[in-house]
Every structure is written in structure tokens, then in C-alpha cells.
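Breakdown of the fold
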Amino acid sequence: MSSPFADRPSIPVGPLMSIFDPVFLGIDEFGHPVYLPLIYRNILIGGEPGAGKSSLLNTIVGYAALCHDCDLVLMDGKELEFGLWEDSAAEFVGPDLGHAIDTLERVQQMLNNRNAFLKSQRRQKIERGDTDVRPLLLAIDELAYFAASVGTKIEQEYFSALNRDIASRGRAVGVINAAATQRPSADIIPPSLRFLYGWRYAGRTVDDASSDVILGQGWASRGYSAASIDPNNRGAGLLLAEEGIPNRVKAAFMTTTDIIRLADYTAWIRGGAADRQLTTELRPAA
Ligand SMILES: Nc1ncnc2c1ncn2[C@@H]1O[C@H](COP(=O)(O)OP(=O)(O)O)[C@@H](O)[C@H]1O
Ligand SMILES: [Mg+2]
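Residues numbered from 1 in each chain as written. Chains lettered and ligands numbered in written order. Predicted model: local features only at pLDDT ≥ 70, side-chain atom pairs only at ≥ 80, totals over all residues. Heavy atoms only, no water.

1. Some points on the pattern of salt bridges
Just so we agree on the cut-off: Just to be clear on terms, a salt bridge is a Lys or Arg side-chain nitrogen sitting within 4 Å of an Asp or Glu carboxyl oxygen. Helix numbering and strand numbering both begin at the N terminus, where a helix is a DSSP run of H or I of at least 4 residues and a strand a DSSP run of E of at least 2. The cut-offs for exposure are 20% and 50% of the maximum accessible area for each residue type, with area from a 1.4 Å probe on protein chains only; residues under the lower value are buried, those over the upper are exposed, and the others partly exposed.
What the rule picks out here adds up to 7 salt bridges. Across the salt bridge formed by Asp165 and Arg169, the nearest N and O atoms sit 2.7 Å from each other. Of this pair, Asp165 and Arg169 both sit in helix α4 (residues 153-169), 4 residues apart, which is roughly one turn of the helix. Here Asp258 and Arg261 are joined by a salt bridge, their closest N and O atoms 3.8 Å apart. Residue Asp258 and its partner Arg261 are both found in helix α7 (residues 256-269); the two are separated by 3 residues, about one turn of the helix. Of the residues examined, Asp258 reaches a relative accessible area of 26% and is grouped as partly exposed.

2. Brief notes about the site of ligand 1
To keep it simple, the criterion reads: One heavy atom within 4 Å of a molecule or strand makes the whole residue count as near it. N or O atoms within 3.5 Å of each other form a polar contact, as long as, within protein, one can give a hydrogen and the other can take it, and as long as residues adjacent in sequence are counted only when both atoms are side-chain atoms. In short, Shrake-Rupley with a 1.4 Å probe defines the accessible areas, and a residue's cover is counted only from the protein chains shown. Here the nonpolar group is Ala, Val, Leu, Ile, Met, Phe, Trp, Tyr, Cys and Pro; Asp, Glu, Lys and Arg are the charged ones; every other residue, Gly included, is treated as polar.
The local shell around ligand 1 holds 14 residues, among which Gly50, Lys53, Ser54, Ser55 and Ala251 are the closest. Ala51 is positioned with one of its backbone polar atoms (N or O) 3.2 Å from an oxygen atom of ligand 1. Burial of ligand 1 by the surrounding chains reaches 73%, relative to a free accessible area of 560 Å². Taken together, the elements giving at least two residues each to the shell around ligand 1 come down to α1 (53-66) and β10 (247-251). Broken down by class, the residue content of the shell around ligand 1 amounts to 5 nonpolar, 5 polar and 4 charged.

3. As for the nonpolar core
The cut-off we apply is this: What makes a nonpolar core is a set of buried Ala, Val, Leu, Ile, Met, Phe, Trp, Tyr and Cys residues whose side-chain atoms join them at distances within 4.5 Å. By definition in these notes, contact holds between two residues if any of their heavy atoms fall within 4.5 Å.
Grouped together as the largest cluster of nonpolar side chains are 84 residues, with contacts concentrated most on Ile19, Leu74, Met75, Trp85, Leu137, Leu138 and Phe159. With 9 residues, the top contributor of residues to this core is helix α2 (residues 97-120). Other than its neighbours up to four places away in sequence, Trp85 contacts Asn58, Val61, Gly62, Ala65, Leu74, Met254, Ile259, Leu262, Ala263 and Thr266.

Just distances and angles here, no functional claims.
This is the structure in C-alpha cells:
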């Protein structure tokens, strides 16, 4: 007689982490751990090249990849920063603006579907334990690459418009937007875009003006400028929530070996490349 469980799919052992719990980011200046609640929020990461932006994004992606309740959409103008996570991601976009736009259009469509679905259920946001609407981390490394460096002006503006729409409407339906840019200038991050990111992290910047572009106007003159960070102290930055004052944080760091080890594991618990499907439709109710 065959086992009564024989026809059940096997479930890989997972770590049971949830994107509804805060993400461990690093330590503050007193050495205390800093945890960041990401669900219903977006995070903007800025700073000069080498400030530690991609490393911080990798820490966030690594956490989300370990979560049983979060899908990943990764966009990486450099291809190598997120490339190691490709098999854990529902969609991985390299240096290809057309692919980036296509993918954001799909996320936007998913967002519309989710809004319609929640409205039909007379709900206003997704909750922990929802099985038919899964949170999604949309991580974009080098926002400026897609928004200003490649393609035509029209394509760049369309990309930026899609990203802005997703950042503003996505939070309630579980789409977390985490974006990094090494060109913190007002044309890449106008105040209208900055306000959509509840969390802002400024790694070292070249001057006070760039720091203010990330954190918000006026912080440098009040003594909070990422230009004051020691250039040798990589991974150090100022973290600001919508309300409150910037906090000095030293971000956690994973070496490439750490990332490979973790990414192999998360690809395995996620079913590997076979499971790489970004559904634009809602999952059918169980
Ligand atoms: N939190 C950190 N702790 C220690 N070293 C770090 C940290 N973050 C980054 N680094 C070092 O700085 C280098 C550049 O970091 P990276 O994240 O690529 O910067 P960016 O994306 O801002 O250009 C890394 O290769 C690493 O050696
Ligand atoms: Mg980088």
C-alpha cells in the first residue's frame, strides 16, 4: 500500500521568516541593533560610489528572499549586484530598459488587480497571513541608470512615471519599493519622488546638497549631513524615517561568499528557476 502522503508535494524546510517582521539592518552608534519595518513602506538609498548602497540592498534582498511570504523583482543596471539572486527572483532585470519597463508595467497591472480584489472584499490593505496576495519586494539598484542614463528621454520618463506610480500606490497591496542611486541630484530624485519613500538612507555623499536630496531639505543645516561620514567608513549612513531625526547606522554586510551561500539556499527553498513566474493575475483563492 502506498503512503497516504505520496501524492502531496514535498515542502522544502524553510526558515519561517516573514516580510511582515522588521528587517535587521545593522547597528546604531550605541551598538544597538537597528530593525526596519519594510511592509507598507518604501526605502530610498543614496550616496556616492562605494558608500555601501548595493551592499545594503543586498541585505534587504537577502532577508526578503528568506521570507516565505515575499516575492522578489530585482532590477540591476550593473547586473552583478543582484545577479547572484536571479534564481530566487520572480523576475530579474539586468541593464535593459525595455525589460525594466515591461516588468514595471506588469507590476503596475498586478497592483491594479490587487486593488480591485481588495476593494471587492471591502478591505484596504493586505495583512499578514494573506495567501492570495503575496508581498513583493521591488528592488532597483542604480535608479539613475534606468531613469537617466540609457534609452530615450521618453523611455526614461515613462520608467520614472511607472516607478512613481508603483511607489505611491503599491504599499497597501504589499509592494515594497527599495531603490538606490549613486547620483543623488534633484533631477533623479525630485522632492515629489522622495516623499514616496518613507525610509531614507544616506550613505556618504560628496556634499551637503546631495545629502539633503536624499534625506530632505534642511537636514544638513541642522547638522545631519552624510558628507560628514568618513569615506573609509563604508556602510555607515544616516537613516531617516518620515517622522524623526536621522540616525547614524552602520549597515550589516554580506561578503560575496555569504551571498552565494544564502542565495543557493533561498533558490532551493523557493524551487529555483522553475518557480520564476511573476504573476500579473491574482492567485486563485485556495
Ligand atoms: N556595511 C558595510 N560594512 C563594511 N564594508 C562595507 C559595507 N558596505 C559596503 N562595504 C564595502 O564597500 C564596498 C562598496 O560597497 P557597495 O555596496 O558596492 O557600494 P555602492 O553600491 O554604494 O557603490 C564593498 O565592496 C565593501 O567592501
Ligand atoms: Mg552599487
